[in-house]
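# A look at the structure
What follows is each chain in one-letter form.
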Amino acid sequence: MPEAVRLRKRRSVLYSSAGGAAAQRGAGAAAPASLLALALALRTLNCFLVQTSFVPDEYWQSLEVAHRMVFNYGYLTWEWTSNLRGYSYPLIFASMYKALQLLAKDNVQLLIWVPRLAQAVLAAFADVKLYSLVQHLENSETAKFVFFCQLCSWFTWYSCTRTLTNTMETILTIFALSYYPIKGSKMGNSCKYLALVALAIIIRPTAVIPWMPLVFSHFLQEQRKADLILHNCIPVGLVTVGTSLIIDRVFFGEWVLVQLNFLKFNVLQNLGTFYGSHPWHWYFTQGLPVVLGPHLPFFVHGCALAPRRFRILLLALLWTLLVYSTLSHKEFRFIYPVLPFCMIFCGYSLRYLKAWKKTAASFLLLSNLVPALYTGLVHQRGTLDVMSHIQQLCSHSQQSQAFVFILMPCHSTPFYSHVHCPLKMRFLQCPPDLTGNASYVDEADVFYSNPLGWLNKEFYNDTLLPSHLILFNVLEQEISSFLALRGYEKTATIFHTHVPQGRVGSHISIYRRKTEMNYP
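The chain is annotated in an unreviewed UniProt entry as Mannosyltransferase from Junco hyemalis. Comment text from UniProt for the chain, heading Sequence similarities (unreviewed entry), reads "Belongs to the glycosyltransferase 22 family." The UniProt entry for the chain carries the following comment under Subcellular location (unreviewed entry): "Endoplasmic reticulum membrane".

Take a look at the structure:
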C-alpha cells in the first residue's frame, strides 16, 4: 500500500494576517457587551456609594425644578424667575417622577434614587462609548487601558451619577465624540455628533466652549462645506433650538431663549463672581491637577505618545481651560466635560509602559480609590443625611403645624426633592443683585453679620417661631441665648465634614421647639 502523501502546512502571511485581524475585530466587537455589563454594575455601585453633596446645582437646577413641575409645590431659585435656565433637563426627571407617581405613589426612596440611577446607566453607556471610540481608532488593548483609566478616575466616580447639568454635558460630549470625524475614523457622522453637541448646549450652554475648536477643525477639513452647513448644521440647529423654545414656552408661559440669557449672565456680564472668584491661573494650578488627581503624570506622559490625530482633543482641552480662565468664578465641575479627553491620553501612557505597566495600573486603582470613597461616603454628607430626619415629619400627625427653618448658607441642603411632602420649610436667601445696587446685601449675609439680632427681629412673636431649626454647630454658641429663651432643645447631631470652613461646621445640629405637640 503506497504511503500516504503528507502535505506540508504552509503559513500564508496574507491569509493568516487577515484571519488574525478578523478574529481581533470579532473579539473587539464582542467586548463592548461584556464591558457594558461591567460598566453598568460598577456605575450602579458607584451610585449607591456616593452619599455626599457636591454643589447646590445638583438639586436646585434639576430635581427641585422637576419636583415642582410634577407635584405643583416647591421652590424655584432666582435663575428660573430670571429666565436663565431651561426646562429641557429637569423635564427628564419630571418624566421619571410622573411615572413613579403612577406606579409607586408614596415610595420616597424611589423618588430620591431613580434619577441618580438613570444618570448611572447613562454614565455606563458613555464609558463603553469611549472604549469603542479608541478601539475603532487604535486597537482593543489601548481601548482597555483608556476604559480602565475612565473607571479609575476619582472625580468621574464622584460626579458621574449626580444630577448635574455638567454630568449630562459630559455624557453627551462622550457620545458626540464617538461620532466626530477624527482623522482615520470610519464612524464619523456629522448629523449625529452635531445633534448631540446641540443637545448638550441646550442643557448647558457653556458646552459650546470645548466644541468650538472641534467643530471649526471639522469645517476646515470638510471638502463639502456648503453641504455640512445646509444639510447638517442648520437643520440640527433649527430642530434643537426649536424644541427647546417650545418646551420653555410651555413652562415659562412666554417665548424665552434661555441659552442666550445664560451666556450673557455668566460670560458677557460675568455676574457669576457673586458666588466667588479665583485667580486667572486657577484651572492650570489647581483645577485640572485636582480633577486629574493621580492620573496627572500619566496624562502628561500620554500627551507625548498619542498619535497626531488626537492633538485636536488636546487643543480643545487647552482652549476650554483658557476660556474658563478669563471668567472670575471658577469651579472644578466646569471642566468635567473635558476630563474624558484626558483619559484617552492617560490610556496611551499605560499602553506603552513596559516594565511598570502592572505597577502603574495598581497605583492608579489604589490611589484613586481613597479619594473616591472618602469624597463619596464621608466628606459633606451631613446636608443629605439631615433630610431624612426632616422627611420623618411628613408622617407625623401634626405635619401641617410643623415649620422647618434651615439656618445654614443658602442652598446647603436639597429641599422638596428629598422630602416629597408639602412641609412648610424655609432657608436663608442669597440671590445676586441684578439692578446694579452697590450696597446690596443678601439675606444670608445679613443674618451672618448678626445672627442673634436677626433672629430676635425676625421672630419677635412666639407664634412665628419655627418648630425645628437646622444649623451648623459653628453657629450654636452665638445664638445659644435665643435657643434657650425660646425653648429649643437639641434632638440630633449629624456628622458633615472633617474640614469645616467659615460658616460650614463639622456637624449639623437639629433643634426642636418644646411644645405640646410631640414632634419627632
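### Focus on the sheet that holds strand β4 (residues 488–495)
Strand order in the open sheet formed by five strands is β2-β1-β3-β5-β4, and the pairing between neighbours is mixed. The two strands at the open ends of the sheet, each matched to only one other strand, are β2 (424–427) and β4. In this sheet, neighbouring strand axes are inclined to one another by 20 degrees on average, regardless of whether the strands run parallel or antiparallel. Of the pairings in the sheet, the one linking strand β1 (residues 403–407) to strand β3 (residues 468–472) comprises four bridges and is parallel in character. Each bridged residue has a counterpart across the sheet, and for L407 the counterpart in β3 is L471. Docked against the sheet, helix α19 (residues 382–391) engages β1, β2, β3, β4 and β5 (507–513), running at close to 135 degrees with respect to β4.

### So, the packing of aromatic side chains
A full pass over the atoms with the stated rule returns 38 aromatic pairs. Pairing Y348 with Y352 gives two aromatic rings, centres 6.2 Å apart and planes at 10 degrees, and the pair type is stacked. Taken together, the residues span about one helical turn, with Y348 and Y352 both in helix α17 (residues 339–352) at a distance of four residues. By relative accessible area, which is 1% here, Y348 ends up buried. Seen from the ring of F219, K225 lies directly overhead, with NZ or CZ sitting 5.6 Å from the centre. The side chain of R351 reaches across the aromatic face of Y352, ending 4.9 Å from its centre.

### Examining the UniProt feature "transmembrane region" (unreviewed entry) in the chain
Following the UniProt record, the feature "transmembrane region" (unreviewed entry) maps to residues 193–216, 228–247, 280–300, 312–328, 334–353 and 360–378 here. Helix and strand shares over residues 228–247 are 100% and 0% respectively, and the end C-alpha atoms of the span are 27 Å apart.

### Some remarks on the side chain of T163
With respect to the element layout, T163 can be found in the loop between α8 (154–159) and α9 (165–179). Engagement of the side chain of T163 in a polar contact is seen with the backbone oxygen of E58, the distance being 2.6 Å. Setting aside anything within four residues of it in sequence, one finds T163 in contact with D57, E58, S62, L63, Y89, F93, P115, R116 and Q119.

### Quick notes on the packing of α9 against α17
Where α9 contacts α17, the axes come no closer than 9 Å and their chain directions differ by 55 degrees. With respect to α17, the axis of α9 lies oblique. Contact residues: T170, T173, I174 and L177 in α9; P340, F341 and I344 in α17. Each residue belonging to the contact of α9 with α17 can be placed in one class, and the counts come to five nonpolar, two polar and no charged.

### A look at a nonpolar patch on the surface
Together, I229, L230, I234 and L238 line one region of the surface with nonpolar side chains, adding up to about 370 Å² of accessible area. For L230, the position within the fold is in helix α12 (residues 225–252). Taking relative accessible area as the criterion, L230 reaches 52% and is therefore assigned exposed.

### Some points on unusual backbone geometry
We note that N72 has phi near 65 degrees; this positive angle belongs to a residue other than glycine. If you trace the backbone, N72 turns up in the loop between α3 (63–71) and α4 (78–81). Look at N83: it is not a glycine, yet its phi comes out positive at around 60 degrees. Take N83: it is sitting in the loop between α4 and α5 (88–103).

### Looking at helix α10 (residues 190–203)
With 14 residues, α10 extends 20 Å from end C-alpha to end C-alpha; this agrees with the ideal 20 Å at 1.5 Å per step. Buried within α10 are the following residues: S190, Y193, L194, L196, V197, A198, A200, I202 and I203. Measuring from the backbone nitrogen of C191 back to the side-chain oxygen at the start of α10 gives 3.2 Å, which picks out N189 as the cap.

### Looking at the pairing of β2
What you see with β2 is a clean split: M425 and F427 sit on the buried side and K424 and R426 on the side with no burial. Judged from the four bridges that link them, β1 and β2 form a sheet pairing that is parallel. Each bridged residue has a counterpart across the sheet, and for V404 the counterpart in β2 is M425.

### Let's talk about the state of the cysteines
In total, this model carries two disulfides according to the counting rule given. Between the sulfur atoms of C394 and its disulfide mate C421 the distance is 1.9 Å. With the S-S dihedral at roughly -65 degrees, the linkage between C394 and C421 falls on the left-handed side. With C394 in the loop between α19 and β1 and C421 in the loop between β1 and β2, this residue pair connects regions lying 27 residues apart in the sequence. Taking the relative accessible area as the measure of exposure, C421 reaches 8% and is therefore buried. A disulfide bridge connects C410 with C430, and the sulfur atoms are separated by 1.7 Å. Here C410 and C430 share a disulfide; its torsion about the S-S bond, 80 degrees, makes the bridge right-handed. Highlighted residues: C410 in the loop between β1 and β2 and C430 in the loop between β2 and α20 (443–449), separated in sequence by 20 residues. Residue classification places C410 among the buried residues on the basis of a relative accessible area of 18%. Note on C430: relative accessible area 6%, which makes it buried. Here the bonded cysteines of the chain are numbered in sequence order, and their pairing is 1-3, 2-4. As a non-bridged cysteine, C149 has C346 as the owner of its nearest cysteine sulfur, 5.2 Å distant.

Parameters and conventions
- Residues numbered from 1 in each chain as written.
- Predicted model: local features only at pLDDT ≥ 70, side-chain atom pairs only at ≥ 80, totals over all residues.
- Heavy atoms only, no water.
- UniProt positions renumbered as here; feature names shortened; annotations may be inferred.
- Pairing = 2+ DSSP bridges.
- Helix = DSSP H or I, 4+ residues; strand = E, 2+ residues; numbered from the N terminus.
- Axes fitted to C-alpha atoms, helices over the stretch in contact; angles between N-to-C directions.
- Contact = heavy atoms within 4.5 Å.
- Phe/Tyr/Trp six-rings, centres within 6.5 Å; stacked < 30°, edge-to-face > 60°.
- Buried < 20%, exposed > 50% of the residue type's maximum accessible area, 1.4 Å probe, protein only.
- Lys NZ or Arg CZ within 6 Å of the ring centre and 35° of its normal.
- Polar contact = N/O pair within 3.5 Å; in protein donor to acceptor, adjacent residues only side chain to side chain.
- Parallel < 35°, antiparallel > 145°, perpendicular 65-115°, else oblique.
- Nonpolar A, V, L, I, M, F, W, Y, C, P; charged D, E, K, R; others polar.
- Patch = residues over 30% accessible without salt bridge, like charges linked within 9 Å, V, L, I, M, F, W, Y side chains within 5 Å.
- Areas by Shrake-Rupley, 256 points an atom, 1.4 Å probe, with all protein chains shown as cover.
- Salt bridge = Lys/Arg side-chain N within 4 Å of Asp/Glu carboxyl O.
- Expected span 1.5 Å × (residues − 1).
- Disulfide = S-S within 2.5 Å.

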